[in-house]
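Structural characterization, general
The primary structure of each chain is shown beneath.
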Amino acid sequence: MSVDRCRRTSCTSRRARLSGAWLAALVSAGYSPPVGAYESVAVPDGGSIRGKVTFAGSAPTRKIIPDKDPTVCGGPRDDPEVVLGPEQGVQDAVVYLKGVEKGKALPKPSKPAEITNHECRFVPHVQATPVGSIVIVNTDPIMHNTHGYMDRATVFNQALPLKGMRIPKPLNKPGMVQVKCDVHGWMLGWVYVADNPYYAVTGKDGSFTIPDVPPGSYTLVAWQEYTGPKEVPVTVAAKQPVQVSIELKK
Ligand SMILES: [Cu+2]
């Protein structure tokens, strides 16, 4: 992609440096050109997106049958695939604006995000954090092996044999990370890694607010682990709230 950019300007020598074997080596080493990177600007006239995510129908469940460490992990249970609150509101949906090029600065968390192995569940089950890092925690007196994937590629893979372990791991690439445990096959969690600040995780009633959005037209994505993503167009006017309702279904 940097080659396209070079075509419009004059950077023949840079193109030459990045050509052929060099570029292949960089790409295979995980390098991706910083094209389309998010730009931080002042947003004096931002509007807000307020909305509610709902689910059509009754909440499906999945059967969990722990086959290991029953004193910590508990017995068989039915876990909801969609956590529903009042009026079909969906808790723990991730809502975000797709492909935003500029806006307010990405927040710097006062401390890194954490995902905790607790009683053989990931707590929180769903979270969102800016690119940066996450601390993997084990509060159980048994071994967990926390394994994060993005598009089937490993993001982190960390054994935590002891209670009280806290291991920081980088989260450099934006996108949805599926978190599993290599010891307890039923454990499942999700971390949305954001490269722009316009995201939210829905509360118990399915509501969310995304503030300080530069006026313009966007694609809003609502994602839930069972239904997958749904995209809706949204237009934000200066200093105005816009209300959005999103109904998810499988
Ligand atoms: Cu585990």
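Residues numbered from 1 in each chain as written. Predicted model: local features only at pLDDT ≥ 70, side-chain atom pairs only at ≥ 80, totals over all residues.

A closer look at the overall build of the protein
What the protein contains, in helices and strands, is four helices and 22 strands. Across the 250 residues in the protein, those meeting the buried criterion constitute 28%. Taking contacts inside the protein between residues at least 6 apart in sequence as the whole, the part at least 24 apart equals 65%. (Helix = DSSP H or I, 4+ residues; strand = E, 2+ residues; numbered from the N terminus. Buried ≥ 20, exposed ≤ 12 C-beta atoms within 10 Å, placed from the backbone. Contact = placed C-beta atoms within 7 Å.)

Let's talk about the pairing of strand 17 (residues 188-194)
Of all seven residues in strand 17, five are buried; the element is thus mostly enclosed. Looking at chain direction, strand 11 (residues 126-130) and strand 17 are connected through five bridges and run parallel. Counted as the bridge partner of valine 126 is tryptophan 190 from strand 17. Pairing of strand 16 (residues 175-181) with strand 17, which is carried by six bridges, proceeds in the antiparallel orientation. Note that in strand 17 the partner of glutamine 178 across the bridge is tryptophan 190. The hairpin turn running from strand 16 into strand 17, its antiparallel successor, is six residues long. (Pairing = 2+ DSSP bridges.)

What to know about the environment of valine 90
Here valine 90 lies in strand 6 (residues 90-91). Aside from chain neighbours lying at most four places away, what touches valine 90 is Val53, Thr54, Phe55, Val82, Leu84, Thr202, Gly206, Gln224 and Leu248.

As for the sheet that holds strand 21 (residues 228-236)
Spatially, 18-7-20-21 is the arrangement adopted by the four strands of the open sheet, whose pairing is antiparallel. Sheet topology places strand 18 (199-201) and strand 21 at the edges, where each strand pairs with a single neighbour. Shown here is a sheet whose adjacent strand axes are inclined to one another by a mean of 20°, direction ignored. (Axes fitted to C-alpha atoms, helices over the stretch in contact; angles between N-to-C directions.)

Some words on the sheet that holds strand 22 (residues 241-248)
Overall, mixed pairing links the three strands, which are arranged 19-2-22 in an open sheet. Lying at the two open borders of the sheet, with one neighbouring strand each, are strand 19 (207-213) and strand 22. Ignoring which end each strand starts from, the neighbouring axes of this sheet average 20° apart. As defined by bridge partners, strand 2 (residues 47-55) adjoins strand 22 across eight bridges and the pair is classed as parallel. Across the sheet, serine 48 pairs through a bridge with proline 241, a residue of strand 22.

Let's talk about the confidence of the model for the protein
Per-residue confidence for the protein averages 89 on the pLDDT scale, and 86% of its residues sit at or above 70. Taken together, the stretch residues 1-34 has pLDDT below 50 and engages in 13 contacts with residues farther than four places along the chain or on a different chain. (pLDDT = per-residue confidence, 0-100.)

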